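# Structural characterization, general
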Amino acid sequence: MTTTEWITDIALVLVVFRQLREGRLDHKTFLIPLGIVAFVAYSYLDSVPTGGNDLVLIAALTAVGAALGVAGGAYTRIRTLGGHLMIKAGAVSAILWVLGMGARMGFQLWVEHGGGADDVARFSIAHHITGDQAWVTAFVLMAVTEVVARVGTIYLRSRARTVSPAAPVLDRTA
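Residues numbered from 1 in each chain as written. Predicted model: local features only at pLDDT ≥ 70, side-chain atom pairs only at ≥ 80, totals over all residues. Heavy atoms only, no water.

### Describing the packing of helix α3 (residues 54-74) against helix α6 (residues 132-160)
Orientation of α3 relative to α6, taken along the N-to-C sense of each, is 25°, at an axis distance of 7 Å. Comparing their axes, α6 and α3 come out roughly parallel. For the pair α3 and α6, the crossing hand works out as right-handed. Counted by class, the contact of α3 with α6 contains 16 nonpolar, eight polar and four charged residues. (Axes fitted to C-alpha atoms, helices over the stretch in contact; angles between N-to-C directions. Helix = DSSP H or I, 4+ residues; strand = E, 2+ residues; numbered from the N terminus. Parallel < 35°, antiparallel > 145°, perpendicular 65-115°, else oblique. Left-handed = near helix turned anticlockwise from the far one by under 90°. Nonpolar A, V, L, I, M, F, W, Y, C, P; charged D, E, K, R; others polar.)

In structure tokens, the structure reads:
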């Protein structure tokens with residue numbers, strides 16, 4: 001893994017660890033993780049391979065990312081305190097986040113340094129996956145989808161808490 005890959009993976013893990021302590025729900029809650037995955041998508045998504053069963057692999061891992069993201073967002077506590085929305089990632093949310101991020105990091109380390117490259121190559125041939133780019137695309141889209149689904153779930157839940165005109169809104173000053 002490159003230094004940039006380590007930094008982005010660790011930054012995404014720290015996003016949720018930062019939320020283990022309750023804090024105000026503000027624009028940073030949404031912009032920081034979305035900015036990180038936008039950078040990752042820009043850096044690693046050159047194309048979406050469509051040969052063989054590449055789209056099946058991509059769709060499967062994207063669906064896993066969506067499930068992890070929605071569940072992580074659902075297990076994040078949002079409450080009103082002193083006219084502000086407060087957010088706190090619960091243990092389940094943090095575990096799901098680390099599980100998703102850790103699985104991708106673990107897979108990459110296993111392939112690059114743990115002797116998994118031959119196993120992945122054999123699996124790819126047996127299941128008609130055309131090459132490395134299919135795996136890269138699948139894991140990048142899994143990460144992007146997990147982040148977008150989690151942030152989207154938190155956003156929708158926060159909007160449901162601010163339905164009345166007198167209810168607090170996102171803190172735009174933080």
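That shown, we press on.
### Comments concerning the nonpolar core
Counting residues in hydrophobic clusters, the biggest one holds 22 residues, and the most contacted among them are L12, L25, W97, M101, V147 and I154. Secondary structure elements with two or more residues in this core: α1 (3-18), α2 (27-44), β3 (84-89), α4 (91-113) and α6. L96, A134, A138 and M142 belong to the second largest nonpolar core, which has twelve residues in total. (Core = buried A, V, L, I, M, F, W, Y, C linked by side-chain atoms within 4.5 Å. Buried < 20%, exposed > 50% of the residue type's maximum accessible area, 1.4 Å probe, protein only.)

### Thoughts on α4
Its 23 residues give α4 an end-to-end C-alpha distance of 31 Å, which sits within 8% of 33 Å, the value for a rise of 1.5 Å per residue. Burial in α4 covers these residues: S93, A94, L96, W97, G100, M101, R104 and M105. Its buried side turned inward, α4 meets α1, α3, β2 (76-81), β3 and α6. Looking one or two residues past α4, G115 carries a phi angle of roughly 85°, positive in sign. (Expected span 1.5 Å × (residues − 1). Contact = heavy atoms within 4.5 Å.)

### Digging into the pairing of β2
Examined bridge by bridge, β2 and β3 share six bridges and lie antiparallel to one another. Bridged to T76 within β3 is A89. Turn length for the β2-β3 hairpin, with the two strands adjacent in sequence and antiparallel, is two residues, and the turn residue G82 shows positive phi of about 55°. (Pairing = 2+ DSSP bridges.)

### Focus: the environment of W110
Its place among the elements puts W110 in helix α4. Those residues in contact with W110 that lie beyond four places of it in its chain are G115, G116, D119 and V120.

### Things to note about the side chain of R104
Locating R104 in the fold gives a position in helix α4. In this structure the side chain of R104 is engaged in a polar contact, spanning 3.3 Å, whose partner is the backbone oxygen of G100. Other than its neighbours up to four places away in sequence, R104 contacts F139, M142, A143 and E146. (Polar contact = N/O pair within 3.5 Å; in protein donor to acceptor, adjacent residues only side chain to side chain.)

### Thoughts on unusual backbone geometry
Positive phi, normally seen in glycine, also occurs at H128, with a value near 60°. Tracing the chain through its elements places H128 in the loop between α5 (117-126) and α6. Given a relative accessible area of 53%, H128 falls into the exposed group.

### Structural notes on the pairing of β3
The side chains of a regular strand alternate, first on one face of the sheet and then on the other. As judged from the two bridges shared by strand β1 (residues 23-24) and β3, these two strands associate in the antiparallel manner. Counted as the bridge partner of G23 is I87 from β3.

### Regarding the packing of α1 against α4
Running from N to C, α1 and α4 point in directions that differ by 170°, and their axes come no closer than 9 Å. Taken together, α1 and α4 sit at an angle that is classed as roughly antiparallel. For the crossing formed where α1 meets α4, the hand is left-handed. On α4, the residues touching E5, W6, D9, L12, V13, V16 and F17 of α1 are A94, W97, V98, M101, M105, Q108 and L109. When its residues are assigned to classes, the contact of α1 with α4 shows eleven nonpolar, one polar and two charged.

### Points about the packing of aromatic side chains
Considering all chains together, one arrives at six aromatic pairs under this definition. Geometrically, the ring pair formed by F30 and Y155 is edge-to-face, given 5.7 Å between the ring centres and 80° between the ring planes. Here Y155 lies in helix α6 and F30 lies in helix α2, a separation of 125 residues in the sequence. Judged by relative accessible area, which is 38%, Y155 ranks as partly exposed. Through a chain of ring-to-ring contacts, the aromatic side chains of F107, W110, F123, W135 and F139 assemble into a single cluster. (Phe/Tyr/Trp six-rings, centres within 6.5 Å; stacked < 30°, edge-to-face > 60°.)

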